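If you want the building blocks of each chain, they are given just below.
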Amino acid sequence: MKIDWDRRTCARKGHVTYAPDDPRLRVRLHAQTALGEVWRCLRCGDFALGEPHGSGPADEAPLVPRGKVLRDLFILRFLAIERAVRGVFIVLVAIAVWKFSNSQDAVRRLFNQNLDVFRPVFRHFHYDLDHSPVVDSIQKAFGYRHSTLLLVAALLLAYALIELIEAGGLWYAKRWAEYLTVVATAAFLPLEIYELTEHISWLKIATLVLNILAVLYIALAKRLFGLRGGRRKFDEERHSASLMEVEESAGVAA
């Protein structure tokens, strides 16, 4: 079943009505009923009872997310949620590294004790813990200096902050956030590709593909870095969208 995103958004946020000065458009957006006057919603096209939310020239009508704009906003908010989840996860990792740096010796002793307990169990399943890459990585971490671990925690927090700022900006469709997302995501792509050469996993592949698609989509759809006419074309498209929405809602060919 096809989802009508325009009507779903109106059901959640309410209708948006506008009374244009142009009589030709105004008469087609307005009607009188037994309950009072109604105005056609600029988003979903249905008539809503009550006074219009605004009035003025048609080309100054509010830019209501609908159709393609609403779909773009949905994609941006999906990316915002993904960035927010990733940012929170990185914050938790940074906190874990910081706590580990303050109790490194105690954690080492606890790990070695548990390793002695689980070694016979894993040997029963023909898995040698002494030559496990995971165990080897953990044991190497015990050799890191306290200052090094603090630096790692600080870098993780900085990375998490970038992710959370991206999430907030993308949620509200801010253009600076789109630039930040493209630059920051593209900067980490070589590292993600290098990690795949070290160890391949479906999670790493999915993350790499998602980030590449996000960079291409935002850069092209939002006309960043001069692509597809750049900022000038983007502003022209947004400005003309107001008039287009009024005319389309009124049933007049744009």
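Starting from 1, residues in each chain are numbered consecutively following that chain's sequence as written. Reporting in this predicted model follows two pLDDT cut-offs: at least 70 for local features of residues, and 80 or more for side-chain atom pairs to be given and counted; totals over whole chains, interfaces and linings ignore these cut-offs and use all residues. Calculated side-chain values reflect all of the structure's heavy atoms, with hydrogen atoms and water omitted.

1. A word on the overall build of the chain
- By the criteria applied, helices consist of DSSP H or I runs no shorter than four residues and strands consist of E runs no shorter than two, each listed in order from the N terminus. If you tally the helices and strands in the chain, you get 9 helices and 5 strands.
- From first element to last, N terminus to C terminus, the chain shows the α and β order α-β-α-β-β-β-β-α-α-α-α-α-α-α.
- The contact definition used throughout considers only heavy atoms, calling two residues in contact when any of these lie within 4.5 Å. Put simply, of all contacts in the chain between residues at least 6 apart along the chain, 66% involve residues at least 24 apart.
- Note on areas: Shrake-Rupley, 1.4 Å probe, and residue coverage restricted to the protein chains presented here. Carbon and sulfur atoms provide 66% of the accessible area of the chain, an area that totals close to 16000 Å².

2. Remarks on the packing of helix α6 (residues 146-171) against helix α7 (residues 175-198)
- Put simply, α6 and α7 touch, their axes get as near as 8 Å, and they point 140° apart. α6 and α7 meet at a crossing whose hand is left-handed. Here Tyr159, Ile162, Ile165, Glu166, Gly169 and Leu170 of α6 come into contact with α7, specifically with Trp176, Ala177, Glu178, Leu180, Thr181, Ala184, Thr185 and Phe188.
- Asp, Glu, Lys and Arg are counted as charged, while Ala, Val, Leu, Ile, Met, Phe, Trp, Tyr, Cys and Pro are counted as nonpolar; the rest, among them Gly, fall into the polar class. In the contact of α6 with α7, the residues fall into 9 nonpolar, 3 polar and 2 charged. Working convention: axes come from line fits to C-alpha atoms, limited for helices to the stretch in contact. Angles between N-to-C directions cover 0 to 180 degrees. Each crossing is labelled by how the near helix is turned from the far one, with a counterclockwise turn of less than a right angle marking it left-handed and a clockwise turn marking it right-handed.

3. Quick word on the nonpolar core
- Listed in full, the 10 residues of the largest apolar core are Leu76, Leu79, Ala80, Leu170, Ala177, Val182, Ala214, Val215, Ile218 and Leu224.
- Only α3 (68-102), α7 and α8 (202-221) provide two or more residues apiece to this core.
- As annotated, the domain borders come from an automatic or database domain assignment. A domain split of this core shows at least three residues from each of domain 2 (72-173) and domain 3 (174-246).
- Apart from residues no more than four positions distant in its own chain, Leu170 is found in contact with Leu76, Leu79, Ala80, Ala177, Glu178, Thr181 and Ile218.
- Among the nonpolar cores identified, the runner-up in size contains 5 residues, and Val16, Leu42, Ala61 and Val64 belong to it. We call a set of buried Ala, Val, Leu, Ile, Met, Phe, Trp, Tyr and Cys residues a nonpolar core when their side-chain atoms join them within 4.5 Å. Type-normalised accessible area, obtained with a 1.4 Å probe on protein chains alone, sets the label of each residue: buried when under 20%, exposed when over 50%, and partly exposed for intermediate values.

4. Considerations on the pairing of strand β3 (residues 36-40)
- Between any two strands, pairing holds if DSSP finds at least two bridges. Pairing analysis gives 4 bridges linking strand β2 (residues 30-33) to β3, with the strands arranged antiparallel. Across the sheet, Gln32 pairs through a bridge with Glu37, a residue of β3.
- Counting the residues between successive antiparallel strands, the hairpin from β2 to β3 contains 2 residues.
- Alignment of β3 against strand β4 (residues 47-49), held across 3 bridges, turns out to be antiparallel. Residue pairing in the sheet places Arg40 in a bridge with Phe47 of β4.

5. Quick word on the packing of helix α1 (residues 5-13) against α3
- In the contact formed by α1 and α3, the axes pass within 10 Å of each other and the chain directions differ by 70°. Relative to α3, the element α1 lies roughly perpendicular. Both α1 and α3 take part in a crossing whose hand is left-handed. Where α1 abuts α3, its residues Trp5, Asp6, Thr9 and Lys13 lie against Leu70, Phe74 and Arg77. To sort the angles, those under 35 degrees are grouped as roughly parallel, those over 145 as roughly antiparallel, those from 65 to 115 as roughly perpendicular, and the leftovers as oblique.

6. Details of the side chain of Thr9
- The residue Thr9 is located in helix α1 in this model.
- Assessed through its relative accessible area of 8%, Thr9 is described here as buried.
- Apart from residues lying up to four places away in sequence, Thr9 is in contact with Gly14, Arg43 and Leu70.

7. As for the UniProt feature "transmembrane region" (unreviewed entry) in the chain
- UniProt positions are given in the numbering used here, feature names are shortened, and annotations may be inferred rather than shown by experiment. When the UniProt feature table is mapped to this numbering, "transmembrane region" (unreviewed entry) covers residues 144-164 and 200-221.
- Helix makes up 90% of residues 144-164 and strand 0%, and the two end C-alpha atoms of the span are 28 Å apart.
- Secondary structure content for residues 200-221 is 91% helix and 0% strand, and the end C-alpha separation is 31 Å.

8. Observations regarding unusual backbone geometry
- Positioned with a positive phi, Ala173 is a non-glycine residue whose angle comes to about 55°.
- Inspection of the secondary structure assignment puts Ala173 in the loop between α6 and α7.

9. Digging into empty space enclosed by the protein
- With a 1 Å grid laid over protein atoms only, a set of points is called a cavity when a 1.4 Å probe fits there but cannot get out and a pocket when it is open yet has protein on both sides within 12 Å along at least five of seven lines; lining residues have an atom within 4 Å of a point. Grid points are joined across faces, edges and corners, and a volume is the space filled by probe spheres set on the points. Scanning the entire structure with this criterion turns up 1 cavity of 30 Å³ or more.
- Along the walls of the largest cavity sit Arg83, Arg86, Tyr159, Glu163, Ala184, Thr185, Phe188, Glu192 and Asn211, which together make up its complete lining.
- Among the elements of the structure, α3, α6 and α7 are those that each provide at least two residues to the lining of the largest cavity.
- The dominant element in the lining of the largest cavity, judged by the number of residues it contributes, is α7, at 4 residues.
- Split by residue class, the lining of the largest cavity holds 3 nonpolar, 2 polar and 4 charged.
- The two domains that each donate at least three residues to the lining of the largest cavity are domain 2 (72-173) and domain 3 (174-246).

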